[in-house]
Amino acid sequence: VADLAEKEMDNPTFRSDTVLSDVHLHCPSKRHLMVRLNAVGQPVFLSYFKLLWSTEDLASGKHVREITTGGEHQCRSGDELCDKDRSNVKREGELNSEGVEALLDDDGDLEVVRRPRSASDLQAEDLLRDIVCPVILMKGKEDAFEDEERECTCSDVVKIEHTMATPLEDVGKQVWRAAFLLADYILFQRDTFRSCSVLELGGGTGITSIIMGTVAKRVYCTDVGEDLLAMCEQNVALNKHLMESGGGEIKVKELDWLKDEFCTDPEAPYSWSEEEIADLLDHCSVIMAADVFYDDDLTDALFRTLYRITHNLRNSCTVYLALEKRLNFTLRHMDVTCEAYSHFRNTLDDLENLQDGKMKYTVEPVKLDFCQFLVYERIEQL
């Protein structure tokens, strides 16, 4: 099976319904490790997503300074500047204080003296733009990944099992940029989410719930499909060490937006107990969802689920929605459009304008000027 999968990945054939996430093409992993085939025969890969700020540093509350690399915001330790950065800053100060006269070239144009880019900046940009290819794990090649695994410390790497390319109905098995964006916001506003009870809708591989689990008290990570939920549960287990310092707990549960009730069948995997439903409704103060607005029918179903759950919560709740605005050329319009995003915004407006005696919804945009904790491309469409 591995040999067959290797041949297929060397010469990938994409059907019209194949969906591939950009995250898997531009990520800090130098290689993707195939670990198994899932229940439906799809290759499952293990990727390491490096945190630019370890969970130990987050717990200790160390100072963070913001840097910009390739037009994107990132974070790294602000306790000390490296010697090269310190010398560069000093040289810049000397040039400014001494008032060195401007240098002109032969044509009389101003020659601007620029600070040399540090090695860390170049390395960070290389991580962002380095296109990686999947590597199939075969017998005898396990040792090829030992050095990479040794480089990954427990506190600064999130390990995620995922698929690389799927049909549209299985896109939850991939990792998407909006999940990283929401994870960045959680880490940036960690005091806001500390000790909260949280519900994630459409959790997919579980990466956002895992990051939330480092600060929140309890996270219910929900989606549909036994195969997907099993992958999500495996990812929670792989990253359990990240949540130990904060004492967070993640429960993987089924939540179908097309059904009006929680699944409480004790024979069904990932079903809810009556105690868990009561705990959610009594204590949940945060609901989140990332990159789940790509199909109009599912968007409608999500908002119906959102209304039903918030209507039954004991306390007020804040909902965080992250998505990527995807532009597509359509023959119907003969133009570049973003119909899924437009439908999402219209539905969001309907929710805010809803006349309900018990509930009132207020919608506010979040500025994306918070710093970045995970290596990915924070494009302007996020």
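Here, every reference points to the structure presented above.
Here the structure is a predicted model, which is why all the values come from computation and not from measurement. (Residues numbered from 1 in each chain as written. Predicted model: local features only at pLDDT ≥ 70, side-chain atom pairs only at ≥ 80, totals over all residues. Heavy atoms only, no water.)

Turning our eyes to something else, we now look at the overall build of the protein chain. Helix and strand counts for the protein chain stand at 13 helices and 17 strands. Here the protein chain, with 382 residues, has 44% of them falling under the buried criterion. If you take every contact in the protein chain between residues at least 6 apart in sequence, the share linking residues at least 24 apart comes to 72%. Within the structure as shown, the protein chain displays about 20800 Å² of accessible surface, and the carbon and sulfur contribution to it stands at 49%. (Helix = DSSP H or I, 4+ residues; strand = E, 2+ residues; numbered from the N terminus. Buried < 20%, exposed > 50% of the residue type's maximum accessible area, 1.4 Å probe, protein only. Contact = heavy atoms within 4.5 Å. Areas by Shrake-Rupley, 256 points an atom, 1.4 Å probe, with all protein chains shown as cover.)

A complete count under the given rule lists 14 aromatic pairs for this structure. Ring geometry for Phe293 versus Phe303: centroids 6.1 Å apart, planes at 35°, classification tilted. Remark: Phe303 occurs in helix H12 (residues 296-312) and Phe293 occurs in the loop between strand S14 (284-290) and H12; sequence separation between them is 10 residues. On the basis of relative accessibility, which here comes to 4%, the residue Phe293 falls in the buried class. Phe303 sits in the buried class, given a relative accessible area of 6%. Taking the centre distance of 4.4 Å and the plane angle of 45° together, the rings of Phe293 and Phe344 count as tilted. Within this pair, whereas Phe293 is found in the loop between S14 and H12, its partner Phe344 is found in helix H13 (residues 339-352), the two being separated by 51 residues in sequence. Take Phe293 and Phe344: they sit in the same class, and that class is buried. Here the aromatic residues Tyr185, Phe188, Phe193, Tyr320 and Phe370 are joined through ring pairs into a cluster of three or more. (Phe/Tyr/Trp six-rings, centres within 6.5 Å; stacked < 30°, edge-to-face > 60°.)

Before going further, it helps to examine the sheet that holds strand S12 (residues 218-223). Reading across from one edge, S13-S12-S11-S14-S15 is the order of the 5 strands in this open sheet, with parallel pairing throughout. For this open sheet the edge positions go to strand S13 (249-254) and strand S15 (318-322), each flanked by a neighbour on one side alone. With strand direction ignored, the average angle separating the axes of adjacent strands in the sheet is 20°. Of the strands in this sheet, strand S11 (197-200), S12, S13 and S14 are in contact with helix H11 (residues 274-283), which crosses S14 at around 100°. (Pairing = 2+ DSSP bridges. Axes fitted to C-alpha atoms, helices over the stretch in contact; angles between N-to-C directions.)

Let us now look at the pattern of salt bridges. Under the definition given, this model contains 15 salt bridges. A salt bridge links Asp227 to Lys173; the shortest N-O distance between them is 2.9 Å. Taken as a pair, Asp227 in helix H9 (residues 226-238) and Lys173 in the loop between strand S10 (165-167) and helix H6 (177-188) lie far apart in primary sequence, 54 residues in all. Of the charged contacts in the structure, one is a salt bridge between Arg326 and Glu324, with a shortest N-O distance of 3.6 Å. Ionic contacts of the salt-bridge type, sharing partners, join the residues Arg177, Asp291, Glu324, Arg326 and Glu377 into one network. (Salt bridge = Lys/Arg side-chain N within 4 Å of Asp/Glu carboxyl O.)

This brings us to the side chain of Ser271. Within the element layout of this structure, Ser271 appears in the loop between S13 and H11. A distance of 2.9 Å separates the side chain of Ser271 from the backbone oxygen of Asp265, its partner in a polar contact. Within the structure, Ser271 has its side chain in polar contact with the backbone oxygen of Ala268 (distance 3.2 Å). If we skip the residues at most four places from it in the chain, Ser271 touches Lys253, Cys263, Thr264, Asp265, Pro266 and Glu276. (Polar contact = N/O pair within 3.5 Å; in protein donor to acceptor, adjacent residues only side chain to side chain.)

Let us now look at the nonpolar core. If you look at the biggest cluster of nonpolar residues, it comprises 46 residues, and the most contacted ones within it are Val158, Phe180, Ile186, Phe193, Val198, Ile207 and Met212. It is H6 that contributes the most residues to this core, 9 residues altogether. With near-sequence residues (within four places) excluded, Phe180 lies in contact with Val23, Phe49, Val175, Ile207, Leu374 and Tyr376. Cys284, Phe303, Leu348 and Met359 belong to the second-largest nonpolar core, a separate cluster that totals 26 residues. (Core = buried A, V, L, I, M, F, W, Y, C linked by side-chain atoms within 4.5 Å.)

Counting buried residues along S14, 6 of its 7 residues qualify, which places the element largely inside the surrounding structure. Relative to S14, S11 is paired through 4 bridges, and the arrangement is parallel. Its bridge partner lying in S14, Leu199 is registered against Ile287. One crossover worth recording links S14 to the parallel S15 by way of H12, and it is right-handed. (Right-handed = clockwise from strand over helix to strand, strands pointing away.)

Glancing now at the environment of Val157. Mapped onto the fold, Val157 is located in strand S9 (residues 157-162). A relative accessible area of 4% means that Val157 is categorised as buried. In sequence terms Val157 and Leu374 are 217 residues apart; their C-alpha atoms lie 9.4 Å from each other.

On to the pairing of S9. Among the 6 residues in S9, 5 count as buried, and that is most of the element. In this structure, strand S3 (residues 43-50) lies alongside S9, joined through 6 bridges in antiparallel fashion. When the bridges of S9 are listed, Tyr48 appears paired with Lys159.

With 12 residues, H6 should cover 16 Å at 1.5 Å per step; its first-to-last C-alpha distance of 17 Å lies within 8% of that length. Across the 12 residues of H6, 11 count as buried, placing the element largely inside the fold. Among the residues of H6, those classed as buried are Arg177, Ala178, Ala179, Phe180, Leu181, Leu182, Ala183, Asp184, Tyr185, Ile186 and Leu187. (Expected span 1.5 Å × (residues − 1).)

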